[in-house]
Protein chains: 2
Amino acid sequence: MGWHIKRNRLRVEELINEESLFFLGNGYLGVRGNFEEGYPEGFPTIRGTYINAFHDIIDIPYGEKLYGFPDTQQKMLNVHDTQSIQIYVGEEEELYALDQGQVLDYSRKLLLDEGCTIREIHWKSPLGKELNIRFERLVSFVHRELFMIKLNLIPVNFSGKLKVVSSINGDVENYANKEDPRVAAGEAKRLHLSKLLLNEGDGYIESQAEVSRLRTGCVTRHYTDSADVTVLEDDHSKQLLFNYVWDAEKSVPLSLTKRTVFVDSLRHEEDLYEAAIGLQHSLDEWSDDEIFHEQREYMQKFWQHGDVRVSGDHRLQEGLRFNLFHLLQSVGRDSYSNISAKGLSGEGYEGHYFWDTEIYMFPVFLMIAPDLAKRLLIYRYSILNHAKDRAVEMGHQQGALFPWRTISGKECSSYFPAGTAQYHISADIAYSYIQYYHATGDTDFLLDYGVELLVETARLWMDVGHFNKNGFSIDNVTGPDEYTAIVNNNYYTNVMAKHNLVWAVKAYRIARKRDSKRVTDLAESLSLTKEELEQFKQAAAVMYLPYDKQFGINPQDDTFLNKAVWDIGGTSADQFPLLLHYHPLTLYRYQVCKQADTVLAHFLLEDEQDFDTIRNSYNYYENITTHDSSLSTCVFSIMAAKLGDLEKAFYYFGDSARLDLDNLHGNTKDGLHMANMAGSFMAILFGFAGLRVKENGLHFSPKLPDQWSDYSFHVHGQGQLISACVTSQYMRLKLVDADCPVEVHVNGLHYKIKPDETLKVFLAD
Amino acid sequence: MGWHIKRNRLRVEELINEESLFFLGNGYLGVRGNFEEGYPEGFPTIRGTYINAFHDIIDIPYGEKLYGFPDTQQKMLNVHDTQSIQIYVGEEEELYALDQGQVLDYSRKLLLDEGCTIREIHWKSPLGKELNIRFERLVSFVHRELFMIKLNLIPVNFSGKLKVVSSINGDVENYANKEDPRVAAGEAKRLHLSKLLLNEGDGYIESQAEVSRLRTGCVTRHYTDSADVTVLEDDHSKQLLFNYVWDAEKSVPLSLTKRTVFVDSLRHEEDLYEAAIGLQHSLDEWSDDEIFHEQREYMQKFWQHGDVRVSGDHRLQEGLRFNLFHLLQSVGRDSYSNISAKGLSGEGYEGHYFWDTEIYMFPVFLMIAPDLAKRLLIYRYSILNHAKDRAVEMGHQQGALFPWRTISGKECSSYFPAGTAQYHISADIAYSYIQYYHATGDTDFLLDYGVELLVETARLWMDVGHFNKNGFSIDNVTGPDEYTAIVNNNYYTNVMAKHNLVWAVKAYRIARKRDSKRVTDLAESLSLTKEELEQFKQAAAVMYLPYDKQFGINPQDDTFLNKAVWDIGGTSADQFPLLLHYHPLTLYRYQVCKQADTVLAHFLLEDEQDFDTIRNSYNYYENITTHDSSLSTCVFSIMAAKLGDLEKAFYYFGDSARLDLDNLHGNTKDGLHMANMAGSFMAILFGFAGLRVKENGLHFSPKLPDQWSDYSFHVHGQGQLISACVTSQYMRLKLVDADCPVEVHVNGLHYKIKPDETLKVFLAD
């Protein structure tokens, strides 16, 4: 149950959203679920194929440009279109098209357990010829560069001519919408075709991005039999058309496989054609069935480590698996790429990577696929030098300031109060490094990457902050809540910076124990002294964490509680999200939160405050939060669960698992909300199951909402895979394929899970 | 002494700056001091003629555009060029040009007492013909639309042909500089020629702005005798060329007068041609001599009311008069126009009006030309509806929020933290209304404009601010200091808002006494109730004015003193102005001020704090102010004088009076620094003479710097003109042309100045 996402009716108004829902990807390549046959003229569509991190550089315009404002930003490009296949029926060559003839039957499925999509159409032509059409699509998890379409045709009530025209098109551009000010019309065409050639039946297109000069190429090879083949270039030499003509027999199936290999100049050898052709040749050894089989195996292994089951809620179950699948499809696996706000499913946010990665997506991968989680960390390490340069540009003497949004490592945010000012992203990245160490105990990772990154981010805090009568203060930053900007002593930022500082010192010591010589060398190359480490410790020790006695809460910043409270109840529903109806200056003036800020800090670092402060804060901020950000409710759900309010936890969990499946935000067409997808999973792990990843291992505090009979999931801890199940009575923990025991905490008590044993912890009522 | 600004040497590298220094204007029209003969190809120049408030509308680009960001801004346009005159010598038609032949003698003078410029050249052609050339220029203060050039030629050592080609050119565009991000290359050409015609020797050009659809036209008429005349259009019908040929006799002077009348669709009748021709015809009645004479008379009257004399410092004297003259040339005299940051001298800041008007330029006019001061207030009244619309757009329920920069009344600032967020501009405008009433006692003005404007601005404060435990707080605004942004309870803003609120109520009561019926009607039309007035009073009464006990100062805002102090001494000289070397976020993080903020508030409203607080604040802020704004030092000079530190006052006064004359900021080419020009005058009036304009009249607290033997000036008080002189021993006050006495305060004591008597107040040592 819950493995197939199905659409059994052709609803044309939903197709543009389905392009996102049915997208296929593998972290390198993403292909939107466009129809091979295309759409009628003027039909809304975003036809797209993306290579993670493949981008151009575009100018950022400003009315008034001040010092340090980035000149340019990166933009993920739509690359060559190899999706198109046209079908012509009979001697009359009736074109199969949505607005021609009659669709007698239709279905489309996303097979979460097999990693492919299948679309089947029973079509009747205007002249009455019926044809069964089946498109199977796959972007391979095993062969990174491969996108494959397998077309099956069965003439139902006729024999005779069948013609298929399969094309590859270099005349592509990004989606532009003059109504959407984030997408300038003039910036759509950034990829320029430089080569188009045909060689022994293989079609090859190569293009180059206008400013970044990055190049991408693709080779398409077709497999079929018993067809006459001709190949044409179009008038403008922008695409190649492969014509296949069969003398078809009624009820006898015909098939055509179209395999495209995508390459790019970031990852592949200088001669892209050679690279792509080489990959195509090597794929010759795999039959279509083998490729589908491999894919199925990959998925099985993934679900074995990653599946989460919720008994008693089919729709939720479907949503959760759908989300995990798309996260898996979108996460970058090399040092060039990460996971963008919309993954590889669309062009929203221009393919940029945000803090969403570290705070929302990373924790999911850390628990179900730590190898992928590690890749995300290494990407950040790869842009550390950019972050150091940016710190200097921003007037700091030292440290690493990570960009708020980026692809290649340079800051892409042009509205700094809700962009660059969110310094917390550097602490968020540090936090993910520390979490990785907590979950894996991987000291080599600290030696290779962790110590350096933690020291460079710690240095930023030492430079941004300063000691004053309150302790160590950090002024003039923006926290996660984007309805409040440029404040002093944002609680979230300060407590995360404290953690960063503490762990810069700890990581150093842990690494030194592991390999004193390497750490000495590292310290030297970083000019890191004992005195500096001592300063980190001092700053952390006296880090100013604002606390308000009257309310018993942590104020979001120094002056937050002095502001007027926004009348959320008195604001009419059509005024939300507020940011689309109020000037930021107006929003900044009030106590009103777009999303969890202090509450998020209390989730990430719960040991920094006592339970009462956390509860009071939750109650206080809940009343002034609009959840206008899709990153908000999952955090409130998690914290409601911690506070024992399961009803609230369930309320905030709500439909978030199906936000995109049901297009609840109305913009699924632009791509899937990756952080929210991760958030639904987080709400189960960190919310209901009460998971925390701490220095001394995994901690659970499991609870079961009334609405479910039980739920189960997998997590990684200390390098081992643990299967967990929560019922109303107990939590059951079991190691998968392990040979040594793992220690965990459940409701504050310490347990050891031994191989081949099941640990059952009974829960109090 | 000090009436003529002279340049006796032709220094080509200075010419672009001299274009600003020698500009001529009358508040309606401004013509830069370009050479009639033009410059060699590629020579740096900004050739410009401007009509105050004549603008186009251009798009504002944003990388990320949020709600309420203005879509467009206005841009003052360079209009038709009627400056050009070419001179050809002899049968060989040798062209007089800078890079041809030899300049044997050269001088240019700006005659401050006559309101014109004279340029004289003794030129020797490559073939040895010598010619005396004299250009007299005038933009009439009497005939608003008139720009006139009078050319005199004397052949020195030859007889024969002399040819003059005078042109009027519609092919104009604004200055564009790709290196200057504020001026986009693509926005330069915004004015498009629509008519070009010749009628009975008059040349006419009409053009229209691309988006605003505003139209401007000009008629040029030439006066000469004994010349053959032909008129040509150029190839592209963009200009008219008037050819004059004389058979000249050695040593016999020839002359040509070129009078142009400029009109525009904001101020003139629908048919611009008719309007301009009508004006030309009426000017026929005036001979050149009469026009120069009228101008001289106008200037004499102005200086009689406005001159300031400083004995013992010729350079300063020259600077002061130069500044006053250019202020007079730039100030708008109708409800469409105001005085822009660069006046009519250049295109810097695109002809926008800022708070500079109310806080720097207005007080000067209020004292020396209250009729012009009143025009500035009426302009603001004319855009009151725009300000009310803007308040709504910014999320306010009521009130008037004036634009930070504008021409036609709509907000033009695209960087809101240092633009729209400077809400204080609304209180600044209110302050100028109150000052006007203080100086003139004009209750009709309150009835016509004052009450309404004060009530609408007061309403803004009621909506922006809120009552809390501290009293009445105003959150999330930016004060005058642009190195600190978006703060709570900026002292300057709060105290100015308080004054605004108090005077909304007072003005209402004063006006009601004067004309109860009209005020009742007015209150009704404004829906103004007693309750609302009571709320104004209450908010003013408990307005929160931050005070720090430790330092005994008014902190700039709620958290200013918690920030780290910028190390100004440790910052190398090439890092100033800081805004060109540091990201605003970095600057906002420190205690560092671009300009006077709290110190300015203490000048404007000195009775709000005790002397100690004012002195302590001055000392505190002095240490952290960079004076990177040209609006800063005059305020520090004024306050140093108040605090009795004449040495400091003189130090800050410094060279500011000659900032443009000596191009101290290096950007005089873009236009003159109007606010600074006013500031030099303010420093004498409000600084050394200690003038304050209060509810009960003028207050003086005169002091004489050691460097001067005495100084004198004129001010208006209670509708009378007062001549004042300060020596080391006394202050002498005398009414000019008055028939009733005027009450003043000198050093806290009350005096009456009677007509035909001289009041001498002796000063203590």
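Details of the structure are given in the entry above.
Residues numbered from 1 in each chain as written. Chains lettered and ligands numbered in written order. Predicted model: local features only at pLDDT ≥ 70, side-chain atom pairs only at ≥ 80, totals over all residues. Heavy atoms only, no water.

## What about the overall build of chain A?
Note the threshold: Only DSSP runs of H or I with at least four residues qualify as helices, and only runs of E with at least two residues qualify as strands; both kinds are numbered from the N terminus onward. Here the globule rule is a power law, 2.2 Å times the number of residues to the power 0.38, and the radius of gyration is based on C-alpha atoms. When checking whether two residues touch, look at their non-hydrogen atoms; a contact exists if any pair is within 4.5 Å.
Of the regular secondary structure elements, chain A holds 18 helices and 31 strands. Relative to a compact globule of 765 residues, whose C-alpha radius of gyration would be 27 Å, chain A shows 27 Å and is just as compact. With respect to the three principal axes, the spread of C-alpha positions in chain A is 85 × 60 × 60 Å. For chain A, the share of sequence-separated contacts (at least 6 apart) that also reach a separation of at least 24 residues comes to 67%.

## Concerning the nonpolar core
Selection criterion: In these notes, a set of buried Ala, Val, Leu, Ile, Met, Phe, Trp, Tyr and Cys residues joined through side-chain atoms within 4.5 Å is what counts as a nonpolar core. Remark: exposure states derive from per-residue accessible area (1.4 Å probe, protein chains only) relative to the maximum for the residue type, with buried under 20%, exposed over 50%, and partly exposed in between.
Tyr360 of chain A together with Tyr360 of chain B are the most contacted members of the largest nonpolar core, which has 467 residues in total. Non-local contacts of Tyr360 of chain A, meaning those with residues more than four positions away in its chain, are made with Trp355, Leu600, Leu631, Cys634, Val635, Ala675, Ala678 and Met682 of chain A.

## Concerning the pairing of strand β25 (residues 697-700) of chain B
Residues and elements named next belong to chain B. We count it as follows: In this scheme, strands are said to pair when DSSP sees at least two bridges between them.
Sheet topology places strand β24 (residues 692-694) next to β25; three bridges connect them, and they run antiparallel. By the bridge assignment for β25, Arg692 is matched with His699. Inspection of the sheet shows β25 paired to strand β29 (residues 742-746) by three bridges, in the parallel sense. Across the sheet, His699 pairs through a bridge with His745, a residue of β29.

## Thoughts on the sheet that holds strand β25 (residues 697-700) of chain A
All names here are of chain A. Note the following rule: An axis is simply a line fitted to the C-alpha atoms; with a helix, the fit covers only the stretch in contact. Between two such axes, the angle follows the N-to-C directions and lies from 0 to 180 degrees.
Taken together, four strands build an open sheet; the order of strands is β24-β25-β29-β30 and the sheet is mixed. On the outer flanks of this sheet lie β24 (692-694) and β30 (749-753), each paired with one strand and no other. If you compare each strand with its neighbour and ignore which way they point, the axes differ by 30 degrees on average.

## Brief notes about helix α6 (residues 370-382) of chain A
Residue and element names in this part refer to chain A. Here is the rule we go by: In this analysis, the expected span of each helix is defined as 1.5 Å times one less than the number of residues it contains.
Between its terminal C-alpha atoms α6 stretches 18 Å, which fits the 18 Å expected from 13 residues at 1.5 Å a residue. Within α6, burial applies to Pro370, Leu372, Ala373, Leu376, Leu377, Ile378, Tyr379 and Arg380. Looking at the packing, one finds that the buried side of α6 touches α4 (314-330), α5 (356-368), α7 (384-393), α8 (424-440), α9 (443-464) and β26 (710-717).

## Examining the packing of helix α6 (residues 370-382) of chain B against helix α8 (residues 424-440) of chain B
All names here are of chain B. We apply this condition: Any angle from 65 to 115 degrees is called roughly perpendicular, while one under 35 is roughly parallel, one over 145 is roughly antiparallel, and all others are oblique. What makes a crossing left-handed is the near helix being turned counterclockwise from the far one by less than a right angle; a clockwise turn instead makes it right-handed. Amino acids outside the nonpolar list (Ala, Val, Leu, Ile, Met, Phe, Trp, Tyr, Cys, Pro) and the charged list (Asp, Glu, Lys, Arg) are all regarded as polar, and Gly is one of them.
In contact at an axis separation of 11 Å, α6 and α8 are set at 140 degrees when each is read in the N-to-C sense. When the interaxial angle is binned, α6 and α8 end up oblique. When the axes of α6 and α8 are compared, the crossing they make is left-handed. For the pair α6 and α8, the contacting residues are Pro370, Lys374, Leu377, Ile378, Arg380 and Tyr381 in the first and Ile425, Ile429, Ser432, Tyr433 and Tyr436 in the second. Of the residues in the contact of α6 with α8, the class split is eight nonpolar, one polar and two charged.

## Describing unusual backbone geometry
All names here are of chain A. Here Phe576 and Pro577 are connected by a cis peptide whose omega angle stands at -10 degrees. Tracing the backbone shows Pro577 in the loop between β22 (564-565) and α13 (584-588). A positive phi angle, near 60 degrees, is found at Tyr349, a position not held by glycine. By the secondary structure assignment, Tyr349 is in the loop between α4 and α5.

## Remarks on helix α12 (residues 530-541) of chain A
All names here are of chain A. Defined as follows: The reported arc concerns the directions from the helix axis to the C-beta atoms and nothing else.
The terminal C-alpha atoms of α12 lie 16 Å apart, and with 12 residues this matches the ideal 16 Å at 1.5 Å per residue to within 8%. Taken together, the buried positions of α12 are occupied by Glu532, Leu533, Phe536, Ala539 and Ala540. Buried residues of α12, viewed axially, fall in a sector of 120 degrees; they line one side. The exposed residues of α12 that point more than 90 degrees off its buried face are Lys530, Glu531 and Ala541.

## With respect to the packing of aromatic side chains
Residues and elements named next belong to chain B. Selection criterion: Aromatic contacts are taken between Phe, Tyr and Trp rings whose centres are within 6.5 Å, Trp giving its six-membered ring; a plane angle under 30 degrees counts as stacked, one over 60 as edge-to-face, and the others as tilted.
Counted by the stated rule, this structure contains 86 aromatic pairs over all chains. Ring geometry for Trp355 versus Tyr492: centroids 6.4 Å apart, planes at 90 degrees, classification edge-to-face. Remark: Tyr492 occurs in helix α10 (residues 491-514) and Trp355 occurs in the loop between α4 (314-330) and α5 (356-368); sequence separation between them is 137 residues. Residue classification places Trp355 among the buried residues on the basis of a relative accessible area of 2%. Plain terms: the ring middles of Trp566 and Tyr582 are 4.8 Å apart, the flat faces sit at 85 degrees to each other, and that makes the pair edge-to-face. Taken as a pair, Trp566 in the loop between β22 (564-565) and α13 (584-588) and Tyr582 in the loop between β22 and α13 lie far apart in primary sequence, 16 residues in all.

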